[in-house]
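Summary of structural features
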Number of protein chains: 2
Amino acid sequence: MNQPIKDAKTLEGAAATFARYRRDDSPKPTQWNDTLELLLAHRSHRAFLPQKLPEGALETIVAAAQSASTSSNLQVWSVVAVTDQERKNRLAELAGGQQHVRDCAVFLVWLSDLHRLEQLAKAGGREAAALPYLELFMTGVVDAALAAQNAVVALESLGLGSVYIGAMRNKPEEVAKELALPHNVFAVFGMAVGYPDPAVETGVKPRLGQAAVLHHEQYSFGEAQLDAVNTLDAKFRDFQKEQNLPEQGWIRQVLSRVRGPDAMSGRHRLKEILESMGIGLK
Amino acid sequence: MNQPIKDAKTLEGAAATFARYRRDDSPKPTQWNDTLELLLAHRSHRAFLPQKLPEGALETIVAAAQSASTSSNLQVWSVVAVTDQERKNRLAELAGGQQHVRDCAVFLVWLSDLHRLEQLAKAGGREAAALPYLELFMTGVVDAALAAQNAVVALESLGLGSVYIGAMRNKPEEVAKELALPHNVFAVFGMAVGYPDPAVETGVKPRLGQAAVLHHEQYSFGEAQLDAVNTLDAKFRDFQKEQNLPEQGWIRQVLSRVRGPDAMSGRHRLKEILESMGIGLK
């Protein structure tokens, strides 16, 4: 990565990667463009203006989502767009009382959807015996995630902001009832979308140095990876300070999230609940 | 979606959505930009020029991938970049003999990676008892998928092309050995990346009309959704004809993929194999 910086565009690239990693050895891109600028500048937004989405914006965002790859073109995902205030309020409660789910212009719930294929098989008198396997469970989850991430890129290109809401998995049965989800459909995550409130400052969250994440030829976990972790721990402490958050560093924060079932907001029961809903995991 | 088309940019938008859906009632975007153009134009590439990636491109792509959201900032994913021809050949074989895995400039294997947190907990004498739950399995899969999709957008903005390789799940143990994956790491999917061969024409693959995928307030499956399915079936037949593929339509093709364990290329054993590798699914 010792390429000379050639022009203003690549200077922008170097600034964007430095903002993401806060490391002197951050990658210095030799090519740069507006789409990369948008991707690198991503941050989650949790404070929204009361403004609605312009007409047609949701459909444009969904067209972008549908343009993502889908395993074998199965298209085993769907999305529910919720704008009704009462329904947003109820979903906010199911997500543990998240105010931004109430305040967003539209709350999108991204679904793994094997129902469509199940119904088509039934209508055609065909077997669909692969649906209850873990493989198809994963396919639905991956399809929904690829679509959702394209939606994030699209909505940010339109000046909107968003935040993923994993807490849709806290109470999957209640979410399914609220959204009238049929057999073989479940909420993978939610996403609050709206115009970010410019009065609430947000920062680019620092990430692990590439040494920890990008492996060459084979996986490795040694000194370079531990350096990336320890550097992030310090940089994340700086970030928390800037954002007026408790300064606990990255390691302590993430380990507290995975310490055990009591830290999982009910999601230690996810398998049991999905199975009770008829979601196959065999 | 009866907004007037205002200018050349939105005309481009209407053309892009029509190419994606091939329906007269395709969304007619009222806002449009180069990033949306890029997202809508996505197609998978399976024929690559022998050219390598320019220096720094991989690091730029990974910086974009790391800029995607990650659940609670856990960053439970990694990626292995394979350029060694022998290793690409072996991975191509494990994927059922896919030539584009051999031919691509770099083969990326996207990993769910709970190993990092497991090691940090061990080093700090902390519990990480949440790791073996289905919730964390899903978190790793979603984190890897969000990162990978940002990578696709980034690499396409640089003029590169790619195709996801779900067949990394055909033989997860062998893939893990080839890439020296430690405990609690598995390949979610691969991705062949390179400069597309312009001599091999690819088309924008048609998708289900939005009525099937975008639900308002609650999920529905009725006439509008069935119309979307049947229209796609016909449009997909046209697409197959254009691409000199067998004209079987969408419904028949997808149902043949999910008919049962015999159509799953070994992935009906995924759960059993992941568990034997020590991946928690409780």
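Residues numbered from 1 in each chain as written. Chains lettered and ligands numbered in written order. Predicted model: local features only at pLDDT ≥ 70, side-chain atom pairs only at ≥ 80, totals over all residues. Heavy atoms only, no water.

1. Concerning the overall build of chain A
Using the following cut-off: The way it works is that DSSP assigns letters per residue, a run of H or I at least four long becomes a helix, a run of E at least two long becomes a strand, and they are numbered from the N terminus. Put simply, the radius of gyration uses C-alpha atoms, and a globule should come to 2.2 Å times the residue count raised to 0.38. A 1.4 Å probe rolled over the protein chains alone gives each residue an accessible area, and that area as a share of the maximum for its type sets the label: buried under 20%, exposed over 50%, partly exposed in between. Here, two residues are considered to be in contact whenever any of their heavy atoms come within 4.5 Å of each other. A residue counts as positive if it is Lys or Arg and as negative if it is Asp or Glu; His and the chain ends are not included. Just so you know, the charge point we use is NZ for Lys, CZ for Arg, CG for Asp and CD for Glu.
From N to C terminus, chain A includes 12 helices and five strands. Here the C-alpha atoms of chain A give a radius of gyration of 21 Å, agreeing with the 19 Å that 2.2 N^0.38 yields for 282 residues. For the C-alpha atoms alone, the extent of chain A along its principal axes is close to 65 × 45 × 40 Å. Here chain A holds 282 residues, and the buried ones make up 61% of them. Of the contacts made within chain A by residues no fewer than 6 positions apart, 74% connect residues no fewer than 24 positions apart. Computed over 31 positive and 33 negative side-chain charges, the inter-centroid distance for chain A is 3 Å.

2. Brief notes about the pairing of strand β1 (residues 77-82) of chain B
For clarity, the threshold we go by: The rule for pairing is simple: two strands pair if DSSP sees at least two bridges between them.
Across the six residues of β1(B), six count as buried, placing the element largely inside the fold. Residues Trp77(B), Val79(B) and Ala81(B) line one face of β1(B) and the alternating positions Ser78(B), Val80(B) and Val82(B) line the opposite face, and both faces are buried. Sheet topology note: the strand β5 (residues 214-216) of chain A/β1(B) ladder contains three bridges and is parallel. Of the residues in β1(B), the one forming a bridge with His216(A) is Ala81(B).

3. Remarks on the sheet that holds strand β1 (residues 77-82) of chain A
Stated formally: Each axis is a line fitted through C-alpha atoms, taken for helices only over the stretch in contact, and angles between the N-to-C directions span 0 to 180 degrees.
Overall, mixed pairing links the five strands, which are arranged β3(A)-β4(A)-β2(A)-β1(A)-β5(B) in an open sheet. The strands lining the two open edges of the sheet, one partner per strand, are β3 (161-165) of chain A together with β5 (214-216) of chain B. Ignoring strand direction, the axes of neighbouring strands in this sheet form an average angle of 25 degrees.

4. Remarks on the interface of chain B and chain A
Just so we agree on the cut-off: Put simply, buried area is how much 1.4 Å-probe accessible surface two parts lose in total, over both of them, once they are put together. Salt bridge criterion: a side-chain nitrogen from Lys or Arg within 4 Å of a carboxyl oxygen from Asp or Glu. In the analysis that follows, any N or O atom pair within 3.5 Å is treated as a polar contact, provided that within protein one partner can donate a hydrogen and the other can accept it, and provided that, for residues neighboring in sequence, both atoms belong to side chains.
Contact residues are listed per partner, giving 126 residues for chain B and 126 residues for chain A. Of the roughly 10,900 Å² buried at the junction of chain B and chain A (both faces included), carbon and sulfur atoms supply 62%. Taken together, the links from chain B to chain A amount to six salt bridges. Of the charged contacts, one joins Glu135(A) and Arg169(B) as a salt bridge, the two residues approaching to 2.7 Å between their closest N and O atoms. Across the contact surface, chain B and chain A share 65 residue pairs in polar contact (both at pLDDT 80 or more).

5. A word on the UniProt feature "domain: Nitroreductase" (unreviewed entry) in chain A
What counts is decided by this rule: UniProt positions are given in the numbering used here, feature names are shortened, and annotations may be inferred rather than shown by experiment.
Mapped onto this numbering, the UniProt entry annotates "domain: Nitroreductase" (unreviewed entry) at residues 41-195 of chain A. Note that residues 41-195 of chain A is 42% helix and 19% strand, and that its end C-alpha atoms are spaced 16 Å apart.

6. So, the packing of aromatic side chains
All names here are of chain B. Our working definition: The rule is short: rings of Phe, Tyr and Trp, with Trp giving its six-membered ring, pair when the centres are within 6.5 Å, and they are stacked under 30 degrees, edge-to-face over 60, tilted in between.
Summed over all chains, the structure comprises eight aromatic pairs over all chains. Here the aromatic rings of Tyr 164 and Phe 189 are separated by 5.0 Å at their centres, their planes lie at 85 degrees, and the arrangement is edge-to-face. With a gap of 25 residues between them, Tyr 164 in strand β3 (residues 161-165) and Phe 189 in strand β4 (residues 185-194) connect regions that are remote in the sequence. Accessibility assignment for this pair places Tyr 164 and Phe 189 in one class, buried.

7. Things to note about the relation of the copies chain B and chain A
Keep this limit in mind: A least-squares superposition brings the copies together, and it is based on the C-alpha atoms of residues with pLDDT no lower than 70 in both.
Taken as rigid bodies, chain B and chain A are interconverted by a rotation of 180 degrees and an axial shift of 0.0 Å, the fit giving an RMSD of 0.0 Å. Seen this way, the second copy is the image of the first under a two-fold rotation axis. Comparing interface residues between copies, 100% of those in chain B also sit at the interface in chain A, which points to an isologous, same-surface contact.

8. Regarding the side chain of Thr30(A)
Within the secondary structure, Thr30(A) sits in the loop between α1 (8-21) and α2 (34-40). When its relative accessible area of 17% is taken as the criterion, Thr30(A) is described as buried. Among the polar contacts listed, one links the side chain of Thr30(A) to the backbone oxygen of Glu55(B), at a separation of 3.1 Å.

9. Here we look at α1(A)
Residue and element names in this part refer to chain A. Formally: Helix span is expected to be 1.5 Å times the residue number reduced by one. Of all possible arcs, the one meant is that of the directions from the helix axis to the C-beta atoms.
Taking 1.5 Å of rise per residue, the 14 residues of α1 would be expected to cover 20 Å, and the 20 Å separating its terminal C-alpha atoms lies within 8% of that figure. For α1, the set of buried residues is Thr 10, Gly 13, Ala 14, Ala 16, Thr 17, Arg 20 and Tyr 21. All buried residues of α1 lie within an arc of 165 degrees about the axis, which places them on one face of the element. Among the exposed residues of α1, those pointing more than 90 degrees away from its buried face are Ala 8 and Leu 11.

10. Focus on the environment of Leu226(A)
Locating Leu226(A) in the fold gives a position in helix α10 (residues 223-242). Beyond its immediate sequence surroundings of up to four residues, Leu226(A) is in contact with Phe221(A) and Leu120(B).

11. Quick notes on unusual backbone geometry
All names here are of chain A. Of note, Asn 73 is a non-glycine position whose phi angle comes to about 55 degrees, a positive value. Tracing the sequence through the fold places Asn 73 in the loop between α3 (57-66) and β1. A relative accessible area of 3% places Asn 73 in the buried class. If you check the backbone angles, Ala 180 has positive phi at about 55 degrees while not being a glycine. Note that Ala 180 resides in the loop between α8 (172-178) and β4 (185-194). Residue class for Ala 180 comes out partly exposed when judged on its relative accessible area of 33%.

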